[in-house]
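Given next are the chains, with one letter for each unit.
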Amino acid sequence: VLFAAGVKADVKNVFSESEKAINQAKKENKFLVIYFYRGKKDFKKILRVIKKERKKWAEVADFIRVEAENPKEGDIVKKCQVRRVPFTAVISPNGAVTARFSEIAGGEILKKAFVSPVMAELIKAIQRESIIFLVLANKKTRYGGVVLKTVSDAVKKLAGIAEWIK
């Protein structure tokens, strides 16, 4: 239990609900689908969608709803770039926002957001505004070894602003 300025605060309430869900999804190596809402109408519709989608995607994703105007959820609203509600965002296990929809998304449209681990790393690098070298070569392609060595050296020289995603 924390005490600050004479006010008793419970330690378990330090994290927002979305932060807890993101941490849990990461631990389980799952995507997190977040439905942002405002008002009872959106809330009820989202509950129906979550119930349906959980059955379909239980092995790859967790689902939560977040009240967009809740001040405790300001960080996730900003990270997901919520501009209007209802809104759906998908976060990969590595923390990259892989999709944003200006609607209560469900069905096959969500499938596109469940990207491969390499794609999630690439998206995360883009979101961090890192320099990205896209190399379509390997050691077996003509000059592939030289190209890979050159890019590897460049990434080392640009440490902190460039990344090597294999």
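Refer to the structure above for everything that follows.
The present account deals with the structure reproduced in this document. (Residues numbered from 1 in each chain as written. Predicted model: local features only at pLDDT ≥ 70, side-chain atom pairs only at ≥ 80, totals over all residues. Heavy atoms only, no water.)

### Comments concerning the sheet that holds strand S4 (residues 61-67)
Then comes step 1: In spatial order, the strands read S4-S3-S5-S6; together these 4 strands make up an open sheet with mixed pairing. Both edges of this open sheet fall to S4 and strand S6 (97-101), since each of them pairs with a single strand only. Between one strand and the next, the sheet's axes are offset by a mean angle of 15 degrees, whatever the strand orientation.
Then comes step 2: The pairing of strand S5 (residues 87-91) with S6 spans 4 bridges and is antiparallel. Looking at S6, one finds that Val90 is bridged to Ala99.
Then comes step 3: The strands touched by helix H1 (residues 17-27) within the sheet are strand S3 (31-37), S4 and S5, with S3 carrying the most contacts at an inclination of about 160 degrees. (Pairing = 2+ DSSP bridges. Helix = DSSP H or I, 4+ residues; strand = E, 2+ residues; numbered from the N terminus. Axes fitted to C-alpha atoms, helices over the stretch in contact; angles between N-to-C directions. Contact = heavy atoms within 4.5 Å.)

### Examining the packing of aromatic side chains
Then comes step 1: Across all of its chains, the model carries 5 aromatic pairs by this definition.
Then comes step 2: A centroid spacing of 5.2 Å and a plane angle of 55 degrees characterise the contact between Phe31 and Phe114, whose relative ring orientation is tilted. One end of the pair, Phe31, is in strand S3; the other, Phe114, is in the loop between helix H4 (108-111) and helix H5 (117-127), with 83 residues separating them in the sequence. A single burial state applies to Phe31 and to Phe114, both of which are buried.
Then comes step 3: Centre to centre, the rings of Tyr35 and Phe63 are 6.5 Å apart; their planes meet at 15 degrees, and the pair counts as stacked. Taken as a pair, Tyr35 in strand S3 and Phe63 in strand S4 lie far apart in primary sequence, 28 residues in all.
Then comes step 4: Aromatic ring contacts, followed pair by pair, group Phe31, Trp57 and Phe114 into a single cluster. (Phe/Tyr/Trp six-rings, centres within 6.5 Å; stacked < 30°, edge-to-face > 60°. Buried < 20%, exposed > 50% of the residue type's maximum accessible area, 1.4 Å probe, protein only.)

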